Amino acid sequence: MTSCLKSRGGSSSVTIAQRLERLFAETAGPHGRPVTLQEIVQRMEQRGISSMSLSYLQQLRKGEAHNPRLQHLRALADAFDVPLSYFLEENEPDSATEQELTPQERTIALRVHGLSDGALASIRAIVELARKSEQLDDPPKGPDSAQD
């Protein structure tokens, strides 16, 4: 993992530091002001995810630290409520075109990890029933939803 991710065309690069700077600028902390380094570290500790030192986070933000571990990128993604792909994509993230999960949706999605196929099928049926009752959309068509 490098701290500089090149776009497919190779003409521009987006560093981890630039991505972090964007997140710090766009993420509100208490009283509507931008979130601080300390608040992000505290979020990681409160959520029980892989934490990092304040100094290491500052080095990442300044572009002084290179090759962050995947566990650190996961922790940052969780603390900022963005998908891990925000840090891994080659192109600059475009929040207007991304369809991201809310923190509540992500919590539910992560809780299904490790469940049996039968349990997952039951959960999917419940979700589809809820979406139908709220008239959100048609269920996706695919091999799992094919009728006999």
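Now for a look at the structure at hand. What you are looking at is a predicted structure, and each value in this text was computed from that prediction instead of being measured. (Residues numbered from 1 in each chain as written. Predicted model: local features only at pLDDT ≥ 70, side-chain atom pairs only at ≥ 80, totals over all residues. Heavy atoms only, no water.)

### Observations regarding the overall build of the chain
Then comes step 1: Within the chain, the regular secondary structure consists of 7 helices and 2 strands.
Then comes step 2: Start at the N end of the chain and walk to the C end: the helices and strands fall as β-β-α-α-α-α-α-α-α.
Then comes step 3: Taking all 148 residues of the chain together, the buried fraction comes to 26%.
Then comes step 4: Within the chain, contacts between residues separated by at least 24 positions form 47% of all contacts whose residues are at least 6 apart in sequence.
Then comes step 5: Carbon and sulfur atoms make up 51% of the accessible area of the chain, which amounts to about 10,100 Å² in all. (Helix = DSSP H or I, 4+ residues; strand = E, 2+ residues; numbered from the N terminus. Buried < 20%, exposed > 50% of the residue type's maximum accessible area, 1.4 Å probe, protein only. Contact = heavy atoms within 4.5 Å. Areas by Shrake-Rupley, 256 points an atom, 1.4 Å probe, with all protein chains shown as cover.)

### Here's the deal with helix α4 (residues 70–80)
An α-helical turn contains 3.6 residues, so a residue and the one three or four places further along point in the same direction.
Then comes step 1: The buried count for α4 comes to 8 of 11 residues, which makes it a mostly enclosed element.
Then comes step 2: Three or more residues of α4 are buried, namely His-72, Leu-73, Ala-75, Leu-76, Ala-77, Asp-78, Ala-79 and Phe-80.
Then comes step 3: One or two positions beyond α4, positive phi appears at Asp-81, with a value near 60 degrees.

### Details of the packing of helix α1 (residues 16–26) against α4
Then comes step 1: The N-to-C vectors of α1 and α4 enclose an angle of 20 degrees; their axes lie 11 Å apart at closest approach. Our classification of the angle between α1 and α4 gives roughly parallel. Of the two possible hands of crossing, α1 and α4 adopt the one that is left-handed. Contacts between α1 and α4 involve Ile-16, Leu-20, Leu-23 and Phe-24 on the former and, on the latter, Leu-73, Leu-76 and Phe-80.
Then comes step 2: Tallied by class, the residues present in the contact of α1 with α4 amount to 7 nonpolar, no polar and no charged. (Axes fitted to C-alpha atoms, helices over the stretch in contact; angles between N-to-C directions. Parallel < 35°, antiparallel > 145°, perpendicular 65-115°, else oblique. Left-handed = near helix turned anticlockwise from the far one by under 90°. Nonpolar A, V, L, I, M, F, W, Y, C, P; charged D, E, K, R; others polar.)

### A word on the environment of Ile-123
Then comes step 1: Along the chain, the position of Ile-123 falls in helix α7 (residues 117–133).
Then comes step 2: Residues Ile-123 and Val-112, spaced 11 residues apart in sequence, show a C-alpha to C-alpha distance of 8.7 Å.
Then comes step 3: Residue contacts for Ile-123: discarding those within four places in its chain leaves Val-112 and Leu-115.

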